[in-house]
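Letter by letter, the chains look like this.
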Amino acid sequence: MDGRPLYLEPRLEPRLRSLVAAQNTLHSLTDGLGSPLHVVVPDQIAENLERFRSVYRAHHLSGQVFYAHKANRSSALLRRLAATDAGVDVASLGELQHALGAGFGAGRITATGPKNPEFLWLAARTGVTVSVDAVAELDQLATLVRKHALAPVRVLLRLSGFETTGVKVLSRRSRFGTPVGELELLLEAAERHADAVDPAGVAFHLDTTSVAEKATALEGSLAALELCRSRGLRPRAVDIGGGFGISYLAEREHWEAYTTGLTEAVLGRRPPLTWGGHGYGLRNESGTLRGTLGLYPAHRSVAGAAYLDELLAQPAASLGGRPLAALLLEHLYDLHTEPGRALLDQCGLTLARVLEVRAQDTGGELLVRLAAKADDIALEDHGVLMDPVVIPRGGAGPGGGPVAVHLFGSLCLETDLITRRTVFLPRRPEPGDLLAFANTAGYAMDFHATRAQHQPAARKVAAWQDGDAWRWCLDDQFWPITPLRGAQ
Amino acid sequence: MRYDSITEAIGNTPLVRIDPAVHGLRTIDLYAKLEMLNPFGSVKDRAAWSMAEPLLAEAVEQGSQVVELSSGNTAKALAVIAGMHGLGFKSVTNRMRVPEIKDLLLLLGAEIEELPGQSECLDPTATDDPLTLFHRTLSASGSAYLHTDQYFNARNTEAHLTGTGPEIVKDLDGRVPDWFVACVGTAGSSTGVARALREEDPSVRVVGLVAAKSDFIPGIRTIDEVQEVGLFDPETYDTMESVSADEAIEGMLTLNRRCGILGGPTGGAAYFGAVRHLRALEEESQERRTAVFIVCDRVESYLSYVRQRRPDLLGRPPRQNSPADLSDAEVGEAPSVTVAEARRWIETDRPLVVDLRSSYAYAALHIDGSVNIVDELFAELVRGGLPFSRRQPVLLACPVGEQSARYAALLTRMGHPDVRSLAGGIIAWRDAGAPLVRD
Ligand SMILES: Cc1ncc(COP(=O)(O)O)c(C=O)c1O
């Protein structure tokens, strides 16, 4: 395996594949709007929503799919979704204002996350459902409602710290939610504030890839709802948060070969695969591998809507072993989900122009500098390893076979590495070429972006297909009725 | 054979020749070392006893809990050993994916902790992985734990260096086999046996088997995961090869059905890997040569693993009166009533209302006066014939009216004159504002 390129080819579904192939369009976009540039594809988000809906339908479940807005600031994506029947999960005052402005009625919005008083007030004022983290937040909300003579606010009680019997499933500690063990206290508060809040159900969001942990939480939520009922409440819904994941890579074999290569490199059995021998969390302790691979599992057999499907099929041991979906249905509960990353799968890419390609005196990898900062292309920040696609300036370009490169950003900082790993490209890039980083819409576009050193943060455009052609406008100019939107 | 303690029955397992008509190798004699016949059921009995025994007296004195990172067999053996000495046992793992094994461990009195999954959003501030935390907890608490540490404990390897390996040589009349084939989990058995055999005859060739990277074979690691094992040294093996879950099950079937050896998937993987490896080498020489592989444990614990991957192997003859036998047309014609009609019907004719949902859902909210017969139980009931008098009208209800339609069609086919399904189910009932009670 030594020396052979270890590719991590991105998974491209037809829409994104077609966009990557529209080379002239992409060059003229960056010529006009600069590098880096984000391109979002709003029609894809509607298609992804439909995949979630079909899982709901297959299980006969009702309830809402709330897009977790935090994952991307794009107006185009949000407005495109406003034209569907989806909801949106907002985690700040700004996001709530954005959602209301994009056309979401309050009935389709749920407010989660840490909340300041203004956020709480606007949510209560407009009639948004509020996911309440703790007794103190419930008290604060009730005080606001009374003081400003608002209508009672629908709330979901956000829980954490679910426990199992038999096999104990350990879970990472969460900053959010009230431990289920303290649910009674939360319910007492809800009863105290019966004039101001309407407890519509319970919620959780666990930051984990583990289906077992989420199944435990969902089972625990059913038990919590039963406790609500036994106290005379009429809960209707359980919100299971997001975290359904994306499979980023086209080939499982690429991921397997790469991670094996990385292991060997860390153990010194092959040349380093990273800048400075970085091990992505792995280390060598006298010949034995220690630590944990701190990478997003970039190839997954089950992600997105399929992950939800798998979760719903898990049996609930404490409730007679029936699948969770059947229990939700039988109890007449609505299921709410808050997919962020998963709804943004294939919804966009980031373009960066190659400024310089430098060979080192010692041979080895080429040093490639891009007109972008690492924080503009934050795949690496999220541990997502995926090769960019080279979009040559002049047709096919010089060719010459595979090369290994390091990708650097434009900041005057040693740490401004677009990727910490050696990237293998099928051919040598040239100044003026574009590198297209696929599937960046979920958290990798604007979540981290800064204007450090007076360098621009990437602009964003929305693009859509019109027959064989790609059309575009500035992200902020996009509305679902934008002219030339073709079939839409 | 008479023993004072079951632990004396560990080891001295049989070496059984596989019929050449089964494996098809012409010049190689293939033997299975039946570690599944150890008293607690697996090759891990040796390691568990070897690691625990010297520490037991002290642990008993201090009332320590025995702990191990184990997904199955080591945990099973340690749970028994701990129990025999009045100690508790805890297994920490995220690899225990076979439900029967979990249940068996709970039955044996073990406590099981599952490690949390990976974070979906990479947390750059996370300092430690769950395993590091586990080790820290152990060392912080001093002597409260007896940690057997199977992936790093030299006594794991030693059990096989002094037991399993020499037994093989003895049963081959003092000869060392030409090949030794073993799956790699903790690497204890393969390393120990390999060392024992090489001491006698350095020309033995050792084949290590791992699970294909994307596959899961209980008890075996993948090529990357073995690197995390302290006992693993690549120099031990002349070659490392991988086996898929399907191949392991295929090998297991051959052992089970054709050899009468009721080994589990790792034994199957070892058999499959051995035959595949040896077949390619058979032409090398016409001399008679010998190979040995290890059958680690028994098939019984893996039925759900097999059911998930090869449901065809567990096929049963079709059942009578099953709703699955109905055609879509029959279900489509099932007698049904709308919520409004049902409410009138209940008023006038008092049909028996049967709620097919789970008892938990029923207990939470139901139609007043209905009885709850959970669908699974109902399926069992009708298998034997009609469970109601023909003169008793019946209204069946489920969440959305799908299952109840099936059963209404089935009961009609079985000769019930007046059974109907509640169209739209309990959800339609609720949405129409009809009363649901909790009593
Ligand atoms: C409350 C809540 N819901 C939804 C999400 C979105 O998760 P994801 O983007 O992984 O689907 C998050 C992310 O942190 C969250 O905190």
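Residues numbered from 1 in each chain as written. Chains lettered and ligands numbered in written order. Predicted model: local features only at pLDDT ≥ 70, side-chain atom pairs only at ≥ 80, totals over all residues. Heavy atoms only, no water.

A. Broad picture of the overall build of chain B. Counting secondary structure elements, chain B contains 16 helices and 15 strands. The C-alpha atoms of chain B give a radius of gyration of 29 Å, which is well past the 22 Å a tight globule of 439 residues would have. Once the C-alpha set of chain B is aligned to its principal axes, its extents read approximately 90 × 55 × 55 Å. Counting the 439 residues in chain B, one finds 54% classified as buried. Summarising the internal contacts of chain B: among those between residues at least 6 apart in sequence, 73% fall at separations of at least 24. (Helix = DSSP H or I, 4+ residues; strand = E, 2+ residues; numbered from the N terminus. Rg over C-alpha atoms; globule rule 2.2 N^0.38 Å. Buried < 20%, exposed > 50% of the residue type's maximum accessible area, 1.4 Å probe, protein only. Contact = heavy atoms within 4.5 Å.)

B. Spatial organisation of the site of the ligand. Close to the ligand lie 14 residues, the nearest being Gly243, Glu338, Gly340, Arg341 and Tyr443 of chain A. Surrounding the ligand are residues belonging to chains A and B, so the site spans chains. Contact between the ligand and Gly243 of chain A: an oxygen atom at 2.8 Å from a main-chain N or O atom of the residue. Within the backbone of Arg341 of chain A, a nitrogen or oxygen atom sits 2.8 Å from an oxygen atom of the ligand. Considered on its own, the ligand offers 400 Å² of accessible surface; in the complex 90% of this is hidden by protein. (Near = heavy atom within 4 Å. Polar contact = N/O pair within 3.5 Å; in protein donor to acceptor, adjacent residues only side chain to side chain. Areas by Shrake-Rupley, 256 points an atom, 1.4 Å probe, with all protein chains shown as cover.)

C. Highlighting the domain arrangement of chain A. All names here are of chain A. Each assigned domain of chain A is listed here: domain 1 (14-41 + 346-475) and domain 2 (43-245 + 299-344). The C-alpha centroid of domain 2 is placed 35 Å from the C-alpha centroid of domain 1. Of the roughly 1,400 Å² buried between domain 1 and domain 2, counting both surfaces, carbon and sulfur atoms make up 50%. In this structure, the connection of domain 1 to domain 2 is made through one salt bridge. Among the salt bridges present, the one from Glu47 reaches Arg15, with a minimum N-O distance of 2.8 Å. On the surface where domain 1 and domain 2 come into contact, there are 13 residue pairs in polar contact (both at pLDDT 80 or more). Its residues assigned to classes, the side of domain 1 that touches domain 2 shows 10 nonpolar, four polar and four charged. (Domains from an automatic or database assignment. Buried area = accessible area lost by both parts, 1.4 Å probe. Salt bridge = Lys/Arg side-chain N within 4 Å of Asp/Glu carboxyl O. Nonpolar A, V, L, I, M, F, W, Y, C, P; charged D, E, K, R; others polar.)

D. Up close: the packing of aromatic side chains. Residue and element names in this part refer to chain B. Scanning the entire structure with this criterion turns up 12 aromatic pairs over all chains. Pairing Phe378 with Phe388 gives two aromatic rings, centres 6.2 Å apart and planes at 35 degrees, and the pair type is tilted. Taken together, the residues span a long stretch of sequence, with Phe378 in helix H14 (residues 375-383) and Phe388 in the loop between H14 and strand S14 (394-397) at a distance of 10 residues. The exposure class of Phe388 is buried, given its relative accessible area of 13%. With 5.1 Å between their ring centres and 85 degrees between their planes, Phe378 and Tyr407 make a pair best called edge-to-face. With Phe378 in helix H14 and Tyr407 in helix H15 (residues 402-413), this pair connects stretches of sequence that are 29 residues apart. Each member of the pair, Phe378 together with Tyr407, is buried. (Phe/Tyr/Trp six-rings, centres within 6.5 Å; stacked < 30°, edge-to-face > 60°.)

E. Quick look at helix H7 (residues 188-200) of chain B. Residues and elements named next belong to chain B. Its 13 residues place the ends of H7 19 Å apart at the C-alpha level, agreeing with the 18 Å of an ideal helix rising 1.5 Å per residue. Among all positions of H7, only Gly188, Ser189, Ser190, Thr191, Gly192, Val193, Ala194, Ala196 and Leu197 are buried. Buried residues belonging to H7 abut helix H6 (154-171), strand S7 (179-183), strand S8 (205-211) and strand S10 (289-295). (Expected span 1.5 Å × (residues − 1).)

F. Looking closely at the packing of helix H2 (residues 44-62) of chain B against H6 of chain B. Residues and elements named next belong to chain B. In contact at an axis separation of 8 Å, H2 and H6 are set at 130 degrees when each is read in the N-to-C sense. The angle between H2 and H6 falls in the class oblique. The hand of the H2/H6 crossing is right-handed. Contacts between H2 and H6 involve Arg46, Ala47, Ser50, Met51 and Pro54 from the first element and Arg155, Asn156, Ala159, His160, Gly163, Thr164 and Glu167 from the second. In the contact of H2 with H6, the residues fall into four nonpolar, five polar and three charged. (Axes fitted to C-alpha atoms, helices over the stretch in contact; angles between N-to-C directions. Parallel < 35°, antiparallel > 145°, perpendicular 65-115°, else oblique. Left-handed = near helix turned anticlockwise from the far one by under 90°.)

G. Focus on the interface of chain B and chain A. Counting residues at the interface gives 43 residues for chain B and 54 residues for chain A. Roughly 4,200 Å² of surface becomes buried between chain B and chain A when both sides are summed, with 52% attributable to carbon and sulfur atoms. On inspection of chain B and its partner chain A, the count reaches three salt bridges. Close ionic contact of Arg322 of chain A with Asp375 of chain B constitutes a salt bridge, the shortest N to O distance being 2.7 Å. At the surface where chain B touches chain A, the tally comes to 16 residue pairs in polar contact (both at pLDDT 80 or more). Counting residues per element, the ones that place at least two in the side of chain B that touches chain A are helix H4 (99-107), strand S5 (111-114), helix H13 (359-364), H14 and helix H16 (425-431) of chain B. Considered class by class, the residues forming the side of chain B that touches chain A number 21 nonpolar, eight polar and 14 charged.

H. Region of the structure containing the UniProt feature "domain: Rhodanese" (unreviewed entry) in chain B. Using the residue numbers shown here, the UniProt feature "domain: Rhodanese" (unreviewed entry) corresponds to residues 347-438 of chain B. When the span residues 347-438 of chain B is considered, its composition is 40% helix and 15% strand, and the gap between its end C-alpha atoms is 20 Å. (UniProt positions renumbered as here; feature names shortened; annotations may be inferred.)

I. Looking closely at the packing of helix H5 (residues 93-102) of chain A against helix H6 (residues 117-126) of chain A. All names here are of chain A. In contact at an axis separation of 9 Å, H5 and H6 are set at 30 degrees when each is read in the N-to-C sense. Classified by the angle between their axes, H5 and H6 sit roughly parallel to one another. When H5 is examined against H6, the residues Leu93, Leu96, Gln97 and Leu100 are found in contact with a partner set consisting of Glu118, Phe119, Leu122, Ala123 and Thr126. Across the contact of H5 with H6, the residue classes tally to six nonpolar, two polar and one charged.

J. The arrangement of the pattern of salt bridges in detail. Throughout the structure, instances matching the rule amount to 60 salt bridges over all chains. For Asp29 of chain B, the salt bridge goes to Arg288 of chain B, with nearest N and O atoms at 3.1 Å. Of the two residues, Asp29 of chain B sits in strand S2 (residues 28-34) while Arg288 of chain B sits in the loop between helix H9 (265-281) and S10, which places them 259 residues apart along the sequence. Note on Asp29 of chain B: relative accessible area 13%, which makes it buried. When its relative accessible area of 48% is taken as the criterion, Arg288 of chain B is described as partly exposed. With its nearest N and O atoms 2.7 Å apart, the salt bridge here joins Glu114 of chain B to Lys102 of chain B. Here Glu114 of chain B, found in strand S5, pairs with Lys102 of chain B, found in helix H4; they are 12 residues apart in sequence, far enough to count as distant. One network of salt bridges, in which partners are shared, links Arg11, Glu13, Arg15, Glu47, Arg51 and Asp345 of chain A.

K. Region of the structure containing the sheet that holds S5 of chain B. Strand order across the open sheet formed by five strands is S7(A)-S5(B)-S4(B)-S3(B)-S6(B), with parallel pairing between neighbours. Only two strands of the sheet have a single partner each, and these edge strands are strand S7 (167-169) of chain A together with strand S6 (145-147) of chain B. Along the sheet, successive strands turn relative to each other by an average axial angle of 25 degrees, direction set aside. Both strand S4 (residues 89-93) of chain B and S5 of chain B contribute to a ladder of four bridges, which runs parallel. Residue Thr93 of chain B lies in a different strand from S5 of chain B, and its bridge partner there is Glu114 of chain B. Packing against the sheet, helix H3 (residues 73-84) of chain B makes contact with strand S3 (65-68) and S4 of chain B, and its axis sits at approximately 165 degrees to S4 of chain B. (Pairing = 2+ DSSP bridges.)

L. Layout of the sheet that holds strand S11 (residues 336-337) of chain B. Residues and elements named next belong to chain B. The strand order across the open sheet built from five strands is S11-S15-S14-S12-S13, with neighbouring strands paired in parallel fashion. Bordering the open sheet on either side are S11 and strand S13 (371-372), each of which pairs with just one other strand. Where S11 and strand S15 (residues 419-422) come together, two bridges link them in parallel fashion. Residue pairing for S15: Ser336 is matched across the bridge by Ser421. Lying over the sheet, H15 contacts S14 and S15, oriented at roughly 170 degrees with respect to S15.

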